[in-house]
Amino acid sequence: MCEKQCRDENGFKCHTMSESHQRQLLLFADNSRSYMDQFSREFKDEYVNLLKRRFNGRRVNANHAYQEYISDREHIHMNSTQWETLTEFVIWLNRKGIVKADETEKGWFVTYIDKDPEAILRQKKANKMAVDDEERQERMLAKQNGEG
């Protein structure tokens, strides 16, 4: 809730005793679900945005992506979200169809699924071009074999 960065343990102790922190606690107590939903939404959006921008559809270790995410000082902490663990979060993303997730002996790996209409159109065009190239090669081979 508080966005105060405390330098040390004493700074944290002083902050938790402050009037502003006590007010924030009361606000949270009145409507904890909406705060948790908001933090969960922001955490998910920022993590998925990182997968989209940085890894661009490549398969990546979920923990590696998470380490990169938390390197930003302004990140949302996972302990303020609805997910208790990264594994739980990755499984949730997989169920929602946001990522393709698979577990290996090296941990969970995720691949972002881009559902942007323009990206889907680009992928379809690339696939069509690949099929056209294959068909052209097959016709040429058939023609060569027929002549030979």
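Residues numbered from 1 in each chain as written. Predicted model: local features only at pLDDT ≥ 70, side-chain atom pairs only at ≥ 80, totals over all residues. Heavy atoms only, no water.

Draft legend 1. A look at the overall build of the protein chain. Helix and strand counts for the protein chain stand at six helices and three strands. For the protein chain, the succession of helices and strands along the chain, N to C, is α-α-α-β-α-α-β-β-α. Counting every position in the protein chain, which comprises 148 residues, the buried fraction comes to 25%. Across the protein chain, every contact between residues at least 6 apart in sequence was considered, and the portion connecting residues at least 24 apart equals 46%. For the protein chain, the accessible area works out to roughly 11300 Å², and carbon and sulfur atoms hold 50% of it. (Helix = DSSP H or I, 4+ residues; strand = E, 2+ residues; numbered from the N terminus. Buried < 20%, exposed > 50% of the residue type's maximum accessible area, 1.4 Å probe, protein only. Contact = heavy atoms within 4.5 Å. Areas by Shrake-Rupley, 256 points an atom, 1.4 Å probe, with all protein chains shown as cover.)

Draft legend 2. Just the pairing of strand S3 (residues 107-112), in detail. Of all six residues making up S3, five are buried, and the element is well covered by its neighbours. Here strand S1 (residues 60-61) runs beside S3; their pairing, made up of two bridges, is antiparallel. Residue pairing for S3: Val 60 is matched across the bridge by Val 110. Bridge count between strand S2 (residues 99-104) and S3: six bridges; the pairing is antiparallel. The partner of Val 99 across the bridge, within S3, is Tyr 112. Where S2 hands over to S3, the hairpin turn is made up of two residues, counted between the paired strands. (Pairing = 2+ DSSP bridges.)

Draft legend 3. Quick peek at the side chain of Thr 81. Looking at where Thr 81 falls in the secondary structure, it is placed in the loop between helix H4 (62-70) and helix H5 (86-95). There is a polar contact of 2.6 Å between the side chain of Thr 81 and the backbone oxygen of Met 78. In terms of polar contacts, Thr 81 uses its side chain to reach the backbone amide nitrogen of Trp 83, at 3.2 Å. (Polar contact = N/O pair within 3.5 Å; in protein donor to acceptor, adjacent residues only side chain to side chain.)

Draft legend 4. Representation of the pattern of salt bridges within the structure. Counted by the stated rule, this structure contains three salt bridges. A salt bridge links Arg 54 to Glu 68, with the shortest nitrogen-to-oxygen separation between them at 2.8 Å. Taken together, the residues Arg 54 in helix H3 (residues 32-55) and Glu 68 in helix H4 connect sequence positions 14 residues apart. Assessed through its relative accessible area of 41%, Arg 54 is described here as partly exposed. In this structure Glu 68 comes out as partly exposed when scored by relative accessible area, which is 24%. For Asp 102, the salt bridge goes to Arg 59, with nearest N and O atoms at 2.7 Å. Taken together, the residues span a long stretch of sequence, with Asp 102 in strand S2 and Arg 59 in the loop between H3 and S1 at a distance of 43 residues. Using a relative accessible area of 21% as the deciding quantity, one classes Asp 102 as partly exposed. (Salt bridge = Lys/Arg side-chain N within 4 Å of Asp/Glu carboxyl O.)

Draft legend 5. Summary view of the nonpolar core. Within the largest apolar cluster, 26 residues are counted, with the highest numbers of intra-cluster contacts made by Phe 43, Tyr 47, Leu 51, Leu 86, Phe 89, Leu 93 and Val 110. Elements with a contribution of two residues or more to this core: H3, H4, H5, S2 and S3. The biggest single contributor to this core is H3, with seven residues. When neighbours within four sequence positions are excluded, Leu 86 is seen to be in contact with Tyr 47, Ala 62, Asn 63, Tyr 66 and Met 78. (Core = buried A, V, L, I, M, F, W, Y, C linked by side-chain atoms within 4.5 Å.)

Draft legend 6. How the structure looks around the sheet that holds S3. Ordered in space as S1-S3-S2, the three strands form an open sheet in which the pairing is antiparallel. A strand with exactly one partner marks an edge of an open sheet, and here the two such strands are S1 and S2. Relative to S2, H5 is tilted by about 135°, and along the sheet it contacts S2 and S3. (Axes fitted to C-alpha atoms, helices over the stretch in contact; angles between N-to-C directions.)

Spatial relationships are all this shows, so hold off on functional conclusions.
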